[in-house]
Structure formats: C-alpha cells, structure tokens
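Listed below are the residues making up each chain.
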Amino acid sequence: MRLDKWLSNLKYGSRKQIEQAVKAGRVTVNQQTVSHASMPIDPHRDVVTFDGEKIRFYPNLTLMMHKRAGVVCAHHDAQFNTIFDDLPEQYARHDLHMAGRLDRDVTGLMILSVDGTLIHKIISPRKDVYKTYLVETAEPVSNITRLHAPLVLKDGRGKPYTIKPPKIISSTGTTTIIKISEGKHHQVKKMFAALGHPVQKLTRTAIGALTLDETLSEGDVKRLTDAEIAQIFT
Ligand code: URA
C-alpha cells in the first residue's frame, strides 16, 4: 500500500498534507526519513513514525466498549460527546463502525469494528443474534408474560410494526433480563412502556454469548480476539 494513502486512512491528514509532512522530514519508515509520500509500505511489517511517534496499526480491529451514559452512538454530534470521543487515540484513528446503537442514557456492551461484514452479521435481524438487556423498572413487572403475545409498536418514523417476542430470561423484583434479536428504535423502552412499566435504567450485558467484560469501566474499551468474536454467533 502507498504510504500516503495509509497515513491518510489513519487520519494523519489529506494526501496533500501528508506530502508536505514527508517533504518536511516528519515521517520515517524503518528508521529512514522518507523522501516520497507515494512509497509502497507493508503496514504489517514496516515501522512508521510520524513526528517521532510510532504509528500503531491494528488490522481487522474489533473492540468491545463499555458505553457510558451521556454519550451518543454517532460519529459526530452538535450537542453531545460521542462514543468515538471515548476511544484512545490509537484506536480512534481507525475507521470503526458501530454494531447498532444504544440510546444516550443507556450503558453497556457496544461492538465497534473496521470489518463491515462482521457489523452486518451482528445487526442484521435475519442473522438472529440476540442482544441481552438488563432492565430496571420502578415496580415489579407482574405482566411481563404479555410480551409472549405479538406486540405492535411504532418505529422511529411512526410506522407500526409487530415485534418478534423477546426471550424473557428472568424478572425478579424490579429487574428483568430479556433478549431480543431486533434493534428497532427505542425497542426495549417501548416494550416496557407498553406494559405500563417505563424503563428506569437500561444496560446491554451481552451480544450472542459474548458478555460485557466486568473489568471494563464505563467508557473503556478492549480489543476482541477471534475467539471472543466467535462467541457473538454462538
Ligand atoms: N432499546 C432501547 O430502548 N434503547 C436502547 O438503547 C437499546 C434497546
């Protein structure tokens, strides 16, 4: 791959800006100052520095994030910080996509990846990847079994749709654990509002069999191994 294209993909500037940086002697490859921005490099093997800092490149980067409340799942937002603002710089430079979204007040497991095919497999309703949510309500949800019957909700555009019944794992006191494979706008909140029990707090604890790493504090991320990624689909 061309050095300038690779650096530009990693958000070091436009091709023009990178050409200028190279001319100014700010880029080295394997300890040699570079003279041509177009030189071919092997990102897996070559050691590249920019302004003296070694560039950290993670091919096929996939992250687990413990999303915190208050940040939005978007690349940019005029009002709020985004989950991308919480990423350490070496990861933020990669072109990461989100596997679905959580509302601003919702916490828990988010998966981010440079692999668009993986993202599609996680969020496509046809793939039936179940997401587990821990739902806190003010009162015990005595009518939870109503969710076994087809329920019609309105999507983000106000269009009615029949939800696929969730799997109800447990409902003890004011805490209910359910699994859903769809990801419609505010789906869990709308389901519980329909039962007359508005959600007080919502956390996503698992996607497939991959559970939120309890050692991750809110806002933190970790890289996922291939074995962990495979758990999503088991
Ligand atoms: N359901 C919701 O209502 N909100 C979320 O963020 C996720 C699922």
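Rules used in this analysis
Residues numbered from 1 in each chain as written. Predicted model: local features only at pLDDT ≥ 70, side-chain atom pairs only at ≥ 80, totals over all residues. Heavy atoms only, no water. Domains from an automatic or database assignment. Near = heavy atom within 4 Å. Polar contact = N/O pair within 3.5 Å; in protein donor to acceptor, adjacent residues only side chain to side chain. 1 Å grid on protein atoms, 1.4 Å probe; cavity = no way out; pocket = protein on both sides within 12 Å on 5 of 7 lines; lining within 4 Å. Sits in = over half its atoms within 2 Å of the grid points. Helix = DSSP H or I, 4+ residues; strand = E, 2+ residues; numbered from the N terminus. Nonpolar A, V, L, I, M, F, W, Y, C, P; charged D, E, K, R; others polar. Buried < 20%, exposed > 50% of the residue type's maximum accessible area, 1.4 Å probe, protein only. Arc of directions from axis to C-beta. Contact = heavy atoms within 4.5 Å. Points joined across faces, edges and corners; volume = space filled by probe spheres on them. Pairing = 2+ DSSP bridges. Core = buried A, V, L, I, M, F, W, Y, C linked by side-chain atoms within 4.5 Å.

Our next topic: the domain arrangement of the protein chain. By a frequent convention, interface size equals the accessible area lost on bringing the separate parts together. Splitting the protein chain by domain gives domain 1 (3-54), domain 2 (61-127 + 221-234) and domain 3 (130-207). For domain 1 versus domain 2, the separation of C-alpha centres amounts to 28 Å.

With that out of the way, let us pick up the site of the ligand. Around the ligand sit L102, D103, V106, Y133, H186, Q187, V188, K189 and L202, and those are all the residues in its vicinity. Within the backbone of K189, a nitrogen or oxygen atom sits 3.0 Å from an oxygen atom of the ligand. Given that more than half its atoms are within 2 Å of the pocket grid, the ligand belongs to the largest pocket. Element by element, the count of residues in the shell around the ligand is highest for helix α5 (residues 187-194), at three residues. Of the residues belonging to the shell around the ligand, the class tally is five nonpolar, two polar and two charged. Both of domain 2 (61-127 + 221-234) and domain 3 (130-207) provide at least three residues apiece to the shell around the ligand.

Bringing helix α4 (residues 116-123) into the picture now. Among the residues making up α4, those that are buried are L118, I119 and I122. Each buried residue of α4 lies within a common arc of 100° when the element is viewed along its axis, so the set occupies one face. In this fold, the buried residues of α4 make contact with β5 (62-67), β6 (97-98), β7 (107-113), β8 (131-137), β13 (199-207) and α6 (226-231). Where α4 begins, the side chain of D115 points an oxygen toward the backbone nitrogen of T117, at a separation of 3.0 Å.

So, about the layout of surface pockets. Within this model, the largest pocket holds a volume of roughly 560 Å³. G100, R101, L102, G183 and K184 are, among the 25 residues lining the largest pocket, the residues nearest its centre. Both domains that furnish three or more residues to the lining of the largest pocket are identified here as domain 2 (61-127 + 221-234) and domain 3 (130-207).

The next thing to look at is the pairing of β7. Of all seven residues that make up β7, seven are buried, and the element is covered over most of its length. Taken together, the six bridges between β5 and β7 define a ladder with antiparallel strand orientation. Residue pairing for β7: L63 is matched across the bridge by L112. Relative to β7, β6 runs antiparallel, the two sharing two bridges.

The next point concerns the nonpolar core. In terms of nonpolar packing, the biggest core is built from 34 residues, with I83, L112, M191 and F192 touching the most fellow members. At the level of secondary structure, the elements contributing two or more residues to this core comprise β5, β7, β8, β9 (151-154), β10 (160-163), β12 (175-180), α5 and β13. A total of three residues in this core trace back to one element, the largest contributor, which is α5. A domain-level breakdown of this core finds at least three residues from each of domain 2 (61-127 + 221-234) and domain 3 (130-207). In this view, I83 contacts M65, K67, V71, V72, C73, M98, M110 and L112; residues no more than four positions away in its chain are not counted. Among the nonpolar cores identified, the runner-up in size contains 16 residues, and L7, L10, A37 and I55 belong to it.

Now for the sheet that holds strand β2 (residues 32-33). If you trace the four strands from one edge of the open sheet to the other, you get β2-β1-β3-β4, paired in antiparallel fashion. Two strands close off the open sheet at either side, each with one partner strand: β2 and β4 (53-54). Direction of pairing for strand β1 (residues 27-29) relative to strand β3 (residues 48-50): antiparallel, over a ladder of three bridges. Across the sheet, residue V29 finds its bridge partner in β3, namely V48.

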